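Residues per chain are reported as follows:
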Amino acid sequence: MSDIRTRLAHTSQLGPDLLGEVRALLDEAFDGEFSDEDFEHALGGMHALVYEGERLTAHGSVVQRRVVHTDRALRCGYVEAVAVRAGARRRGLGSAVMAGLEGVIGRAYVLGALSASDAGAALYTSRGWTVWGGRIGTLASPWPQALPEEEGSTYLWVPDGGVLPDPAQGLWFDWRNGDVL
Ligand SMILES: CC(C)(COP(=O)(O)OP(=O)(O)OC[C@H]1O[C@@H](n2cnc3c(N)ncnc32)[C@H](O)[C@@H]1OP(=O)(O)O)[C@@H](O)C(=O)NCCC(=O)NCCS
């Protein structure tokens, strides 16, 4: 883990060249399965950019979403686009990304959430993220919509002293185009 550096920056600070570099890393890491909508979901919040030497090697971002739970619209930090270059995995870079994003969540949000790929689940559970055991839905127009297919792959995290939502009640995420979660 020598010469590893994590930079935290808002999307507005990255500029087109660096955003292009991030997109290229994501296209490579997700084997071409990372869509324009997936990329759009990763913008507008804070990015954790992990460099090995001078090379951008890992990325993740956290964006704000409102999540309705019981009678509260919680300020949620939603994690997107976590990826490490294929040749650099299992050396702690994914953890470095998550440590940076968890710091942001702890300082700015009441709750962290993400939708895990099969490849990502082990990383998140190793860091104390837990599978949400309750119902999931979205506040789509014109009616709210249940998302049972998302149950089992949505993970939550709260900073020390925080309280996880009550699984007896649902989590209703704001709507967006593409994958809602
Ligand atoms: C998922 C991903 C980001 C993990 O990055 P990484 O740099 O390999 O993760 P780390 O080295 O920090 O792993 C930290 C811990 O997470 C767990 N872990 C991570 N990847 C794992 C895997 N493939 N299998 C089992 N455990 C794993 C382990 O506990 C690991 O600690 P260890 O190596 O000491 O056993 C990386 O595999 C990746 O980019 N995959 C393709 C894109 C993707 O699916 N992203 C997730 C989207 S939700």
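The structure displayed is predicted, hence computed values, not measured ones. (Residues numbered from 1 in each chain as written. Predicted model: local features only at pLDDT ≥ 70, side-chain atom pairs only at ≥ 80, totals over all residues.)

Q: So what's going on with the overall build of the protein chain? Residues and values would help.
A: Assigned secondary structure in the protein chain consists of four helices and 10 strands. Listed by position from the N terminus, the elements making up the protein chain come as β-α-α-β-β-β-α-β-α-β-β-β-β-β. Against the 2.2 N^0.38 benchmark of 16 Å for 181 residues, the protein chain shows a C-alpha radius of gyration of 16 Å, consistent with a compact globule. For the protein chain, the spread of C-alpha atoms along the three principal axes comes to 45 × 35 × 30 Å. The 181 residues of the protein chain split such that 31% are buried. The long-range fraction of contacts in the protein chain, counting pairs at least 24 apart against all pairs at least 6 apart in sequence, stands at 71%. (Helix = DSSP H or I, 4+ residues; strand = E, 2+ residues; numbered from the N terminus. Rg over C-alpha atoms; globule rule 2.2 N^0.38 Å. Buried ≥ 20, exposed ≤ 12 C-beta atoms within 10 Å, placed from the backbone. Contact = placed C-beta atoms within 7 Å.)

Q: Tell me about the site of the ligand, residues and numbers included.
A: Taken together, 19 residues lie near the ligand, and Arg89, Gly94, Ser95, Gly120 and Ala122 sit nearest. The set of elements that each furnish at least two residues to the shell around the ligand consists of strand S4 (72–84), helix H3 (93–108) and helix H4 (118–126). With five residues, the single largest contributor to the shell around the ligand is H4. The residue makeup of the shell around the ligand, split by class, is 10 nonpolar, six polar and three charged. (Near = placed C-beta within 6 Å. Nonpolar A, V, L, I, M, F, W, Y, C, P; charged D, E, K, R; others polar.)

Q: Before we move on, could you go through the environment of Ala88 and cite the residues and values that matter?
A: Mapped onto the elements, Ala88 comes out in the loop between S4 and H3. Overall, the presence of 17 C-beta atoms within 10 Å leaves Ala88 in the partly exposed class. Spatially, the C-alpha atom of Ala88 lies 32 Å from that of Arg176, the residues being 88 residues apart in sequence. If we ignore the near neighbours within four places in the chain, the residues touching Ala88 are Glu52, Thr57 and Leu93.

Q: Describe H3, with residues and values.
A: Along its 16 residues, H3 runs 23 Å from first to last C-alpha, staying within 8% of the 22 Å computed at 1.5 Å per residue. Within the span of H3, buried status applies to Leu93, Gly94, Ala96, Val97, Met98, Gly100, Leu101, Glu102, Val104 and Ile105. (Expected span 1.5 Å × (residues − 1).)

Q: Summarise the environment of Val63; cite the residues concerned and give the values.
A: Within the secondary structure layout, Val63 lies in strand S3 (residues 55–69). Of the residues examined, Val63 has 19 C-beta atoms within 10 Å and is grouped as partly exposed. Each C-alpha atom of the pair Val63 and Val79 lies 6.6 Å from the other, and the pair is 16 residues apart in sequence. When sequence neighbours within four positions are dropped, the list of residues in contact with Val63 reads Gly44, Gly45, Tyr78 and Glu80.

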